[in-house]
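Here's the letter readout for the chains.
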Amino acid sequence: MMRLLLWIMAIAVLLAAGGCSTRKNTAANRQYQSFITRYNILFNGDEHYRQTLADMERSYDDDFTRLLPVHPAEARRDPKAPQPQGDFGRSIEKAQKAIRVRSIKKKPRRQAGRRSDPEYRKWMQREEYNPYLHNAWMLLGRSRYMNGEFLPAATTFMYVANHFSWLPQTVAEARIWQARSYLAEGWTGEAEATLGRVRESDLTSDELRHQYALAQAEAAIARRDWQSAAAPLRQAAATAKGAQKTRLTYLLGQVMLAGGDKAGAAEAFRRVEKSSSAAYPMRFNARIRRSETTGLDAMSADRLRNELKALGRMTSYGRNARYLDQIHYAAGNIHIALGDTAMAMHSYALAAEKSERRGVDMALARLALGRLYFERADYDHAQPCYAEAVALLPETFEGIRQIRDRSDVLDELAVYSRTVSLNDSLLRLADMPETDRLKAIDAIIERLRREEQAKAEEEERQQREAEAADNSAGIAASTTSGNASAPTAFTRQSGDGSWYFYNRQAIEAGRAEFRRRWGTRKPEDNWRRSDKAAYAAIDDTDTNDAKPDTTATDDPQGAQSATAASDPHERAYYLAQIPADSLSRKKAHDAIQEGLFNLGLILKDKLDDYTEARRHWNRLLRQYPDNIYRPELYHNLYPMAARIGDNAEAERWRLLMAGEFADTPLGKAMANPDYLRDLKEMHSRQEQLYAAAYEAYLANDNDSVRSAAEYARTHYPTSQILPKFLFIDALTYATQGDAGEFRSRLKHLVETYPQADMAPLAAGWLRESLKGRKINSSGTNVRGMIWATRLTNDSTMLAAATDSLSGISFERDADAPHLVVLAFAVDTINPNILLYNVARYNFATFAVRDFDLEPMQFGPLGLLAVKGFADRAEASRYLTMMLADPDSGITPEVRPIVISQPDFTRLIGAGLSLDDYLNGEEEEGEELSELSEEIGDEGGSNMR
């Protein structure tokens, strides 16, 4: 006490001697400003920071279904994560006040004779002379970080590192915090570069070493480098205190588990589980996650069974009622370690059944169960597991893309698998004696009623619990101030407020609910109808011609039968679905054949499960030897057998194809003993072949184009780009005026490859040609390839464009404002380079005029419109100058056209092509060269 009193008296004397203004830079004033900064302003701010930080770390509700953040403050960048409590605004205000009021910028009075002293020169070069003010800057940066203002925090720490160079420990601390601020924003590269500037010799305290290890671990986690993250994270956890110590230890377990170090992860989770200072949710989740590290290589079978008994006891504790799904999930993991797959599947199913929160924990159980079904090739049962899991997992879940892809494939499989199962069952029922058939139907009805009764009892139980909870809440509310609480708003599982169709998680949840109610069905019209063709025909008829339904009034007995046939609790409902006549049986067998073929195709192409694919296809060939899918079956079974090394089996399928379908293109191709070699070369060779064919087309070498198309048709009949060969092959006949061959080849393309990219365009040309419209046989291929493209990206307008030409006329007004349009193929000319060249030419050539440039693209056709010409003559002069300038960058592949603004607007609006403009009624067959003749030879001096 006496010592503090002496300090105060000394400060008072110094104050009286030197004054208190920051405009004076004396030793006494510097000590005074430092004292006031520390004990008058920053003390309160620092105390507020420490208390708020401790409360945040202690009260933060961690989401254990995801990787824990290194610090709760980092959750502020993710609105979907639990948000930390605490506002550091008061600390920010205090730090800013200290900087504003107590900063000493004035240089001290120079001392004679010390200019050559290096230390004195550094002293005089300082930008701040308050000895304690750097602490205010650091408090400002840390408070901004904890408030989630990561970029302002990084800026603050950068300022400290650049302006307090005489304090190496402070600079090191500032750079560490700067790196952590970058990491919180996701700027991993910048963070690592900043950490690289920190020298280990400057890490002179335990706190600095702790912060440095934390930043290193955080950077490695951001890179998903789990092995590199483990060591610094272990060091940071060892030196952390309070809630952060257990949080970092839990995170260490997650990181080591992700890196494959199950023993290290188990030890980390065990330390969290045994920590007396950790909250119960963290200790409980550590126990659950530890089950994922179990295995006979890490634990004995007896210890694993003891773990199972302990988990069984946990289910009886009342405080674990909300966590039963996690407990059963952990039990399933231990059953997997013991090799008891059946019990593991039972535990995972029980976890989903007991889940109250129906969140990520339930999704993990469904995902684990789905994986077990998938590994057993039981895709029917795996599909609903994956579908439910995808609907519940967040976008940030590790491996969500692969899980979603597998779910989509299983959805496809389920459609055909259930079609096959359903029709197999219906055909078996149809073949049964009537007494057995009715007995089977009665068993189905009885099972349905039991399930409905159990569901009703469960819903009634849930309703009673909800009412009890509401009553408890009402009683609790009546004991408060009496203020009515607002109703709870509905929130999505993901916390995303986006529109439904932009919210992937909401869509998946909707799909899962649809499957739960209706099963997996094809996305098609009249999906609830058994006879879709009949209902489609009804939809197309005129409703005015429909006759009134008099069944209900004229035939009461028929109406009663119809009602029974729609009630799943009646025999008539099931009897109506049984294929009784030959037509119904044929439809059922056709559905089975289609299902078996597509099941094998999906299993082969998307899951690489050749064994299961062969099983379905063998049944198809055995049960339906004359099925329509044999060519594709032989063609798929041939490379499958070759891939597994069964050359004899592969040769058998090749010979079957060549013998039974010798007249088909595929049969002719497989007659070649080297067909498999051609198939292997196809993926690399076909692109080269098409590129050469396209170059030949542009060079008007039609014979080479046709040879390449014939080679592709013969050797690569299954190529995905074969329609492209056929398309340019047909175009060669158009430019030579052979309308008959042109139509024949387009028709073959449209009928054989209706889903190809160029099929709509080919169909439009074919339709116009069949109407009698003449083709433009200009003798050159380039114009026909580019200029016939429709100037629209609207598929509806594209389909209708060819029908609308008759109603379009062009003014061709030479006095109207005009454009110069540069047309080019986007796979030949880079649009950005062309735009740059034209802009450079305009800037260098025309000092006064300023032309607008508008790039456009319509499929394979690119356009660059140069706007700003008063009439046709001015646009023509501009084009003459551009074509005459070798530095303009306009290559022969670019096709220019001069067109009026009204005509161009009409052309775009109707979705027509440049050919439609050039081949108008008044200028039928006009070529670009004829347009060029109208361009005068005048100079463009008046435009410069």
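Residues numbered from 1 in each chain as written. Predicted model: local features only at pLDDT ≥ 70, side-chain atom pairs only at ≥ 80, totals over all residues. Heavy atoms only, no water.

1. A few points about the overall build of the protein chain
Reasoning step 1: When its secondary structure is counted, the protein chain shows 42 helices and 4 strands.
Reasoning step 2: Relative to its 944 residues, the protein chain shows a buried fraction of 43%.
Reasoning step 3: As displayed, the protein chain offers around 50700 Å² of accessible surface, 51% of which is attributable to carbon and sulfur atoms. (Helix = DSSP H or I, 4+ residues; strand = E, 2+ residues; numbered from the N terminus. Buried < 20%, exposed > 50% of the residue type's maximum accessible area, 1.4 Å probe, protein only. Areas by Shrake-Rupley, 256 points an atom, 1.4 Å probe, with all protein chains shown as cover.)

2. Considering unusual backbone geometry
Reasoning step 1: Residues other than glycine seldom take positive phi values, yet R224 does so here, at roughly 60°.
Reasoning step 2: Within the element layout of this structure, R224 appears in the loop between α9 (206-222) and α10 (226-239).
Reasoning step 3: The phi angle at D608 is positive, at roughly 55°, despite the residue not being glycine.
Reasoning step 4: Tracing the sequence through the fold places D608 in the loop between α26 (582-606) and α27 (610-623).

3. Describing the sheet that holds strand β4 (residues 895-900)
Reasoning step 1: Overall, antiparallel pairing links the 4 strands, which are arranged β2-β3-β1-β4 in an open sheet. The open sheet has two edge strands with one neighbour each: β2 (852-858) and β4. With strand direction ignored, the average angle separating the axes of adjacent strands in the sheet is 25°.
Reasoning step 2: Relative to strand β3 (residues 861-869), helix α38 (residues 831-845) is tilted by about 20°, and along the sheet it contacts β1 (818-825), β2 and β3. (Pairing = 2+ DSSP bridges. Axes fitted to C-alpha atoms, helices over the stretch in contact; angles between N-to-C directions. Contact = heavy atoms within 4.5 Å.)

4. Here's the deal with the packing of helix α6 (residues 150-163) against helix α7 (residues 168-184)
Reasoning step 1: The contact between α6 and α7 brings their axes to 8 Å, and the two run at 160°. The angle between the axes of α6 and α7 places the two elements in the roughly antiparallel class. Here the hand of the crossing between α6 and α7 comes out left-handed. For the pair formed by α6 and α7, the contact residues are F150, A153, A154, F157, M158, V160 and A161 on the first element and T170, V171, A174, R175, W177, Q178, S181, Y182 and A184 on the second.
Reasoning step 2: When the residues that make up the contact of α6 with α7 are grouped by side-chain class, the tally is 12 nonpolar, 3 polar and 1 charged. (Parallel < 35°, antiparallel > 145°, perpendicular 65-115°, else oblique. Left-handed = near helix turned anticlockwise from the far one by under 90°. Nonpolar A, V, L, I, M, F, W, Y, C, P; charged D, E, K, R; others polar.)

5. Looking at the nonpolar core
Reasoning step 1: Counting residues in hydrophobic clusters, the biggest one holds 110 residues, and the most contacted among them are Y329, L393, F725 and F742.
Reasoning step 2: The greatest single-element share of this core, amounting to 11 residues, is contributed by helix α17 (residues 360-375).
Reasoning step 3: Listed in part, the 29 residues of the second largest apolar core include A98, A136, L139 and W177. (Core = buried A, V, L, I, M, F, W, Y, C linked by side-chain atoms within 4.5 Å.)

6. Concerning the side chain of R289
Reasoning step 1: If you trace the backbone, R289 turns up in helix α13 (residues 280-290).
Reasoning step 2: On the accessibility criterion, R289 (18% relative accessible area) is buried.
Reasoning step 3: If near-sequence neighbours (up to four positions away) are discounted, R289 is found in contact with F64, Y250, Q254, L257 and F269.

7. Concerning the environment of R283
Reasoning step 1: Mapped onto the fold, R283 is located in helix α13.
Reasoning step 2: Each C-alpha atom of the pair R283 and V272 lies 5.9 Å from the other, and the pair is 11 residues apart in sequence.
Reasoning step 3: Once residues within four sequence positions are removed from consideration, R283 is found in contact with V272, E273, S275 and A278.

8. Notes on the environment of E681
Reasoning step 1: When you line up the elements, E681 lands in helix α31 (residues 675-698).
Reasoning step 2: For the pair E681 and Y716, spaced 35 residues apart in sequence, the C-alpha separation works out to 9.4 Å.

9. Topic: the packing of aromatic side chains
Reasoning step 1: A complete count under the given rule lists 30 aromatic pairs for this structure.
Reasoning step 2: When the centroid spacing of 6.0 Å and the interplanar angle of 40° are considered together, the rings of Y280 and F284 count as tilted. Placement of both Y280 and F284 in helix α13 is noted, with a separation of 4 residues, approximately one turn of the helix. The residues Y280 and F284 share a single accessibility class, namely buried.
Reasoning step 3: The interplanar angle of 85° and the centroid separation of 6.1 Å between the aromatic rings of Y841 and F846 together place this pair among those described as edge-to-face.
Reasoning step 4: Put simply, the rings of Y841, F846, F851, F869 and Y878 pair up and form one aromatic cluster.
Reasoning step 5: The positively charged end of R180 is found above the aromatic ring belonging to W177, 4.9 Å away from the centroid.
Reasoning step 6: A cation over an aromatic ring shows up here: R319 above the ring of Y280, its NZ or CZ 4.1 Å from the ring centre. (Phe/Tyr/Trp six-rings, centres within 6.5 Å; stacked < 30°, edge-to-face > 60°. Lys NZ or Arg CZ within 6 Å of the ring centre and 35° of its normal.)

10. Things to note about the UniProt feature "repeat: TPR" (unreviewed entry) in the protein chain
Reasoning step 1: The UniProt record annotates "repeat: TPR" (unreviewed entry) at residues 363-396.
Reasoning step 2: In this annotation, residues 363-396 is assigned 79% helix and 0% strand; the end-to-end C-alpha distance for the span is 14 Å. (UniProt positions renumbered as here; feature names shortened; annotations may be inferred.)

11. Thoughts on the packing of helix α18 (residues 379-392) against helix α19 (residues 400-431)
Reasoning step 1: Here α18 crosses α19 at 140°, and the two axes come no closer than 8 Å. Overall, the two elements α18 and α19 adopt an arrangement that is oblique. Between α18 and α19 lies a crossing of left-handed hand. Along the contact surface, α18 presents Y379, D380, A382, Q383, P384, Y386, A387 and V390, while α19 presents I403, R404, R406, S407, L410, D411, L413, A414, S417, R418 and S421.

12. A word on helix α14 (residues 301-314)
Reasoning step 1: Across its 14 residues, α14 extends 20 Å between first and last C-alpha, which sits within 8% of the 20 Å expected from 1.5 Å per residue.
Reasoning step 2: For α14, the complete set of buried residues consists of L304, E307, L308, A310, L311 and M314. Considered in projection along α14, the buried side chains sweep an arc of 165° and stay on one side of the axis. Within α14, the exposed residues directed more than 90 degrees away from the buried face are D302 and K309.
Reasoning step 3: Packed against the buried residues of α14 are α13 and α15 (324-338). (Expected span 1.5 Å × (residues − 1). Arc of directions from axis to C-beta.)

13. Quick notes on the confidence of the model for the protein chain
Reasoning step 1: Averaged over all residues, the pLDDT of the protein chain is 79; the fraction at 70 or higher stands at 80%.
Reasoning step 2: Scored below 50 in pLDDT, residues 476-502 shows 21 contacts in the model against residues more than four places distant or in partner chains. (pLDDT = per-residue confidence, 0-100.)

14. A few points about the pairing of β3
Side-chain direction in a regular strand flips from residue to residue, so the side chains alternate between the two faces of the sheet.
Reasoning step 1: Of all 9 residues in β3, 7 are buried; the element is thus mostly enclosed.
Reasoning step 2: As paired strands, β2 and β3 are joined by 7 bridges and run antiparallel to one another. Each bridged residue has a counterpart across the sheet, and for P855 the counterpart in β3 is L864.
Reasoning step 3: From the end of β2 to the start of β3, which pair antiparallel, there are 2 residues, and G859 there has a positive phi angle of about 65°.

15. Here we look at the pattern of salt bridges
Pairing is possible between side chains of opposite charge, provided their charged atoms come close.
Reasoning step 1: On inspection of all chains with the given rule, the structure shows 36 salt bridges.
Reasoning step 2: Close ionic contact of E741 with R745 constitutes a salt bridge, the shortest N to O distance being 2.8 Å. A residue pair is termed a helical-turn pair when its members lie 3 or 4 positions apart in one helix, as E741 and R745 do in helix α34 (residues 739-752) at 4 residues.
Reasoning step 3: The class for R745 is partly exposed, based on a relative accessible area of 24%.
Reasoning step 4: Here the salt bridges do not stand alone but share partners, grouping E710, R713, D729, E741 and R745 into one network. (Salt bridge = Lys/Arg side-chain N within 4 Å of Asp/Glu carboxyl O.)

16. So, the environment of K80
Reasoning step 1: Positionally, K80 belongs in the loop between α2 (27-59) and α3 (89-102).
Reasoning step 2: Measuring from C-alpha to C-alpha, the distance between K80 and T396 comes to 9.8 Å, with 316 residues separating the pair along the chain.

17. A short note on the side chain of S407
Reasoning step 1: Among the secondary structure elements, S407 is positioned in helix α19.
Reasoning step 2: Setting aside anything within four residues of it in sequence, one finds S407 in contact with Y386, A387 and V390.

18. Describing the pairing of β1
Reasoning step 1: Judged by how many residues are buried, β1 sits mostly within the fold: 8 of 8 residues are covered.
Reasoning step 2: Burial of the side chains of β1 extends over both faces: H818, V820, L822 and F824 are buried on one face and L819, V821, A823 and A825 on the other.
Reasoning step 3: Relative to β3, β1 runs antiparallel, the two sharing 8 bridges. When the sheet's bridge partners are listed, L819 is paired in β3 with K867.
Reasoning step 4: Both β1 and β4 contribute to a ladder of 6 bridges, which runs antiparallel.

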